[in-house]
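Geometric and topological summary
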Amino acid sequence: MSRNSSTIWLPRSRRSPAIARQRIAVLLSSLPDGERFLDSGLVVATELVTNAVLHGTPVGRLIYFALDVDPARLRIEVHDARGDRIPVISAPGLDGETGRGLRLVDSLTRRWGCCPRRPVGKIVWGEVAA
């Protein structure tokens, strides 16, 4: 593993977004100029991991969280076991407490997407630009 990357298996737990945020903070603090990705990276990671916990990971399965940094971007990947549940930006209701996460991801990333993960699941990723 490169000094500019980090991976961890996360439980299907409400604590996992906080663990992911801590992992980003540690990685970026160890790199020159890494803090320029911090604010957006924390939000994107929180939203993607939260979606994996709530919608993408069956009970008993883990979430794989991967980070990679280069001078131009921070790449965040969240791997889960539900390939049949593809993330879609939806219109949140006025009183709804959900439905805004992917809009945040879309606004804070240079690009984001989803692809199959073999043999099972999907990878949802986002790239935060400097």
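Residues numbered from 1 in each chain as written. Predicted model: local features only at pLDDT ≥ 70, side-chain atom pairs only at ≥ 80, totals over all residues. Heavy atoms only, no water.

Moving on, we come to the nonpolar core. Within the largest apolar cluster, 25 residues are counted, with the highest numbers of intra-cluster contacts made by Leu48, Phe65, Leu74 and Ile76. Residue assignment for this core shows that the elements contributing at least two residues are strand S1 (5-10), helix H1 (16-29), helix H2 (38-56), strand S2 (63-70), strand S3 (73-80), helix H3 (101-108) and strand S5 (122-129). A total of six residues in this core trace back to one element, the largest contributor, which is H2. Apart from the residues within four sequence positions on either side, phenylalanine 65 is in contact with Ser6, Thr7, Ile8, Leu10, Ala20, Arg23, Ile24, Ala45, Val49, Ile76, Glu77 and Val78. (Core = buried A, V, L, I, M, F, W, Y, C linked by side-chain atoms within 4.5 Å. Buried < 20%, exposed > 50% of the residue type's maximum accessible area, 1.4 Å probe, protein only. Helix = DSSP H or I, 4+ residues; strand = E, 2+ residues; numbered from the N terminus. Contact = heavy atoms within 4.5 Å.)

On to the pairing of S5, then. Summarising burial for S5: seven of the eight residues are buried, a large majority. In this structure, S3 lies alongside S5, joined through eight bridges in antiparallel fashion. The residue bridging aspartate 80 from the neighbouring strand is lysine 122, located in S5. One ladder, built from six bridges, connects strand S4 (residues 111-116) with S5; its direction is antiparallel. Bridge pairing in S5 places tryptophan 112 opposite glycine 126. Between S4 and S5, which pair antiparallel and follow one another directly, the connecting turn spans five residues, one of which, glycine 121, has a positive phi of 100°. (Pairing = 2+ DSSP bridges.)

This part covers the packing of aromatic side chains. Taken as a whole, this structure holds one aromatic pair when the rule is applied. Taking the centre distance of 4.8 Å and the plane angle of 55° together, the rings of tryptophan 9 and tyrosine 64 count as tilted. Of this pair, tryptophan 9 sits in strand S1 while tyrosine 64 sits in strand S2, and the two are 55 residues apart along the sequence. (Phe/Tyr/Trp six-rings, centres within 6.5 Å; stacked < 30°, edge-to-face > 60°.)

Another point: H2. Here H2 contains 19 residues, and its C-alpha end-to-end distance of 25 Å stays within 8% of the 27 Å for a straight helix at 1.5 Å per residue. When H2 is considered as a whole, its buried residues turn out to be Gly41, Val44, Ala45, Thr46, Leu48, Val49, Ala52, Val53 and Gly56. (Expected span 1.5 Å × (residues − 1).)

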